[in-house]
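Each chain, letter by letter, is given below.
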Amino acid sequence: MSTVLVITSSALSEASVSNELAQAAINHLRAADPKLRVIARDVGTNPIPHLNADSTTALRGEPSNDAQLAAR
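Okay, so let's go over this structure. (Residues numbered from 1 in each chain as written. Predicted model: local features only at pLDDT ≥ 70, side-chain atom pairs only at ≥ 80, totals over all residues. Heavy atoms only, no water.)

Observations regarding the pairing of strand β2 (residues 37-42)
Where strand β1 (residues 3-8) and β2 come together, six bridges link them in parallel fashion. Bridge pairing links isoleucine 7 to arginine 41 in β2. Once you follow β1 into helix α1 (residues 17-32) and on to β2, the crossover reads as right-handed. (Pairing = 2+ DSSP bridges. Helix = DSSP H or I, 4+ residues; strand = E, 2+ residues; numbered from the N terminus. Right-handed = clockwise from strand over helix to strand, strands pointing away.)

Here you go:
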């Protein structure tokens, strides 16, 4: 079983041509491998928060406060 990570970022969501192309590629891969695992992340709809002191500290080690714990 293969795994594919699909990251889309269009602000047009469902109306996006690039999202249609990504879905067509997924469909093509899934036809070849019905057990294909697809992990999809839409950063257009759910943007990644900006890095700040708390998030970078949390990524580098153990969180030491609530803001760092939430960032992690």
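Now that the structure has been shown, the text picks up again.
Observations concerning unusual backbone geometry
Backbone phi values are negative for most residues with the exception of glycine, while trans is the configuration of most peptide bonds. The phi torsion at serine 13 lies on the positive side, around 50 degrees, for a residue other than glycine. Looking at where serine 13 falls in the secondary structure, it is placed in the loop between β1 and α1.

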